[in-house]
Amino acid sequence: MVVGDVTTGTDLLVIGAGPGGYVAAIRAGQLDLDVTLVEKDAYGGTCLNHGCIPSKAMITATDIAHGAGNAEAMGIHADPAVDLSQMVDWKDGVVDQLTSGVEKLCKANQVTLLEGTATFAGEHTARISHSGDGQGSESIEFEHAIVATGSRPIEIPGFDYDDEPVLDSKQALALESVPDSLVVVGAGYIGMELASVFAKLGTDVTVIEMLDSILPGYDDDLKRPVKQRATELGIDFEFGYTASAWHEEEAGIRLRAEPAEGAATDGGQADAATDREPIELDTKKVLVAVGRQPVSETLDLDAVGVDTDDRGFIETDSHARTTVDHVFAVGDVAGEPMLAHKGSMEGQVAAEVIAGEPSAIDHQAMPAAIFTDPEIGTVGMTASEAHEAGFETIVGEFPLRASGRALTLDETDGFVKIVADESEGYVLGAQIVAPEASELIAELGLAIELGATVEDVASTVHTHPTLSEAVMEAAENALGHAIHTLNR
Ligand SMILES: Cc1cc2nc3c(=O)[nH]c(=O)nc-3n(C[C@H](O)[C@H](O)[C@H](O)COP(=O)(O)OP(=O)(O)OC[C@H]3O[C@@H](n4cnc5c(N)ncnc54)[C@H](O)[C@@H]3O)c2cc1C
């Protein structure tokens, strides 16, 4: 069908159907707004199609294969054969199921779906260009708009994602055969998660990181068990280097990395870059995972008068409102933390505010999880952040090696740490390194949300034997009476 130059009207135009946009659209539909959701690529956005869901599917599958092949101590002697192409098909099936679910949910909530690329053409007008020969474009007049256009991977000079050996995370998650070797540039959470996936598939993995450790921004005690497990998996690290160039060799590529100015080797003192020589690594593939940048420059935001900061993020207030009253922005395009659940929460708030409900964004109990081996889960403040915010704190900790369930899982690296306000006992934050830390952290997010105290957490009976008992014991330890560890 050729779409001519027609103009339609809508109460609310949502641009981008990722977890920010589609959640906003569904919530607005529930609130009886007339909503149009426009998506240029695939329902579910990065999260469902190329991010959270496919990466977690691949982590699960490679954990099963690696676990089965490394369980001799349990009397299991197996050498699992992995068919990566079949694994990827299974992962794609999971993605298809979820993305078609999003489409159905939108329709069931009376959301009008439009395929095309939106740009602003005026204060209350957007142009939607439809892809494909002769598909044309149309105009939409809107009362309100929510921008939820997400983010894209940052490119580094000399590493073009169109070149076959250079991969972004989306391409890495779609590989149909296991590369013999892989250099991962960037030891953030995406780089570390995918480094583990490929190491567990038998790839020879080297991670290059400009800074002096993995997972910049996380405390050392959280990173230590993850780094140790990665090393046990055979992952090599080159800290304090930046990837600068690559060229083809007969058996793959040779990658060059230069010493990063002022960087230190892992945990060491900063060296002058000139003290160290560049390094060269032979590899089959290189995955660049150095962060993501907002998709905002393609929207013609000037036409509607919306400002961005100097990195391209759209500035918003606690109602997800931009500098223009009737335009809202949610998700990755509205700034850090770039996490799916943060985008969904903002999407709901924006829809509710537009519908006239009293709703506001609260980042206090915003959890984050890293699906490395072991996982990391965090929420609220660390002890040092709490001190900086003026709190006197008590901290309770429980090591996983003292957990019966952790022993039965043969996964004893890690701990649960709870930070609480000393005078009243309110839970201020928690940090967990453990299998299923991504699940365990939810209890402590709820504690913060409800204004619960460590006493409340400690006196809640937890099922035995579970990893969640470690949460209860950490709370008891904060009060000086944990049963299964010595109290400080
Ligand atoms: C490998 C990887 C793993 C990740 N793992 C996790 C995880 O475990 N947990 C977590 O919380 N987060 C994770 N993330 C981050 C998460 O994917 C993002 O935070 C989330 O997708 C952001 O949602 P969003 O709605 O803001 O944007 P997106 O999901 O990026 O969706 C934006 C949508 O807008 C569309 N769009 C853009 N411009 C236009 C336009 N002009 N017109 C129409 N449509 C447009 C895009 O096609 C896209 O579908 C991961 C990301 C990656 C890459």
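Reference entry: report on the structure contained in this document.

Cut-offs and rules
- Residues numbered from 1 in each chain as written.
- Predicted model: local features only at pLDDT ≥ 70, side-chain atom pairs only at ≥ 80, totals over all residues.
- Heavy atoms only, no water.
- Core = buried A, V, L, I, M, F, W, Y, C linked by side-chain atoms within 4.5 Å.
- Buried < 20%, exposed > 50% of the residue type's maximum accessible area, 1.4 Å probe, protein only.
- Helix = DSSP H or I, 4+ residues; strand = E, 2+ residues; numbered from the N terminus.
- Contact = heavy atoms within 4.5 Å.
- 1 Å grid on protein atoms, 1.4 Å probe; cavity = no way out; pocket = protein on both sides within 12 Å on 5 of 7 lines; lining within 4 Å.
- Points joined across faces, edges and corners; volume = space filled by probe spheres on them.
- Nonpolar A, V, L, I, M, F, W, Y, C, P; charged D, E, K, R; others polar.
- Axes fitted to C-alpha atoms, helices over the stretch in contact; angles between N-to-C directions.
- Parallel < 35°, antiparallel > 145°, perpendicular 65-115°, else oblique.
- Left-handed = near helix turned anticlockwise from the far one by under 90°.
- Pairing = 2+ DSSP bridges.
- Near = heavy atom within 4 Å.
- Polar contact = N/O pair within 3.5 Å; in protein donor to acceptor, adjacent residues only side chain to side chain.
- Areas by Shrake-Rupley, 256 points an atom, 1.4 Å probe, with all protein chains shown as cover.

## Brief notes about the nonpolar core
1) Next: Core analysis: the largest hydrophobic core is formed by 36 residues, its most contacted members being Met-192, Phe-198, Val-205, Val-207, Ile-214, Ile-235 and Phe-237.
2) Next: Contributions of two or more residues to this core are made by helix H3 (52-69), helix H4 (84-108), strand S9 (181-185), helix H6 (189-200), strand S10 (204-209), helix H7 (220-232) and strand S11 (236-239).
3) Next: At 6 residues, H6 tops the list of elements feeding residues into this core.
4) Next: Those residues within four positions of Ile-235 in sequence are excluded, and the remaining contacts are Ala-195, Ser-196, Ala-199, Val-205, Val-207 and Ala-230.
5) Next: Counting 30 residues, the second-largest nonpolar core is a separate cluster that includes Leu-12, Val-102, Leu-113 and Ala-320.

## Things to note about the layout of surface pockets
1) Next: When its volume is computed, the second largest pocket comes out at roughly 1100 Å³.
2) Next: For the second largest pocket, the lining is made up of 39 residues, of which Asp-63, Arg-229, Asp-373, Glu-411 and Pro-435 are closest to its centre.
3) Next: The set of elements that each furnish at least two residues to the lining of the second largest pocket consists of H3, H6, H7 and helix H11 (437-450).
4) Next: Residues belonging to the lining of the second largest pocket are distributed by class as follows: 14 nonpolar, 11 polar and 14 charged.

## Quick notes on unusual backbone geometry
1) Next: A cis amide bond, omega -10°, links Glu-336 with the succeeding residue Pro-337.
2) Next: Backbone torsion omega between Asp-373 and Pro-374 reads -5°, so that peptide bond is classified as cis.
3) Next: Along the chain, Pro-374 turns up in the loop between strand S18 (368-370) and strand S19 (375-380).
4) Next: Positioned with a positive phi, Leu-215 is a non-glycine residue whose angle comes to about 45°.
5) Next: In this fold, Leu-215 is placed in the loop between S10 and H7.
6) Next: Judged by relative accessible area, which is 1%, Leu-215 ranks as buried.
7) Next: With phi around 55°, Asp-300 is a residue other than glycine that occupies positive phi space.
8) Next: When you line up the elements, Asp-300 lands in the loop between strand S16 (292-294) and strand S17 (327-329).

## So, the packing of H3 against H4
1) Next: Contact geometry of H3 with H4 gives a least axis separation of 9 Å together with a crossing angle of 140°. Classified by the angle between their axes, H3 and H4 sit oblique to one another. Between H3 and H4 lies a crossing whose hand is right-handed. Between H3 and H4, the contacting residues are Ile-53, Pro-54, Ala-57, Met-58, Ala-61 and Thr-62 on the first element and Leu-84, Met-87, Val-88, Trp-90, Lys-91, Val-94, Val-95 and Leu-98 on the second.
2) Next: Here the contact of H3 with H4 is composed, by residue class, of 12 nonpolar, 1 polar and 1 charged.

## Side note on the pairing of strand S14 (residues 279-283)
When a strand is regular, its side chains alternate between the sheet's two faces.
1) Next: Side chains Ile-279, Leu-281 and Thr-283 of S14 all project onto a buried face; the interleaved residues Glu-280 and Asp-282 project onto a face where none is buried.
2) Next: Note that strand S13 (residues 252-259) and S14 share 5 bridges and pair antiparallel. Bridge assignment links Arg-254 to a residue of S14, and that residue is Asp-282.

## Considering the site of the ligand
1) Next: Every one of the 38 residues lining the ligand counts as a neighbour, but Gly-20, Glu-39, Thr-46, Lys-56 and Asp-332 are closest to it.
2) Next: A distance of 3.3 Å is found between an oxygen atom of the ligand and a backbone nitrogen or oxygen belonging to Met-338.
3) Next: In isolation the ligand has 1000 Å² of accessible area, and contact with the protein removes 96% of it.
4) Next: Looking at the shell around the ligand, the elements with two or more residues in it are strand S2 (35-39), helix H2 (45-50), H3, strand S4 (117-122), H6 and helix H8 (340-354).
5) Next: In terms of residues, the shell around the ligand owes the most to one element, H2, which gives 4 residues.
6) Next: Tallied by class, residues from the shell around the ligand come to 16 nonpolar, 16 polar and 6 charged.

## Some details on the packing of H3 against H6
1) Next: Contact pair H3 / H6: the axes reach a minimum separation of 9 Å and the direction vectors enclose 35°. Note that H3 runs across H6; the crossing there is left-handed. Between H3 and H6, the residues in contact are Ser-55, Lys-56, Met-58, Ile-59, Thr-62, Asp-63 and His-66 and Glu-193, Val-197 and Lys-200, respectively.
2) Next: Of the residues belonging to the contact of H3 with H6, the class tally is 3 nonpolar, 3 polar and 4 charged.

## Regarding the sheet that holds S13
1) Next: Read across the sheet, 3 strands follow the order S12-S13-S14 without closing on themselves; strand pairing throughout is antiparallel. Lying at the two open borders of the sheet, with one neighbouring strand each, are strand S12 (241-249) and S14. Averaged over all adjacent pairs, the angle separating strand axes in this sheet is 25°, with direction ignored.

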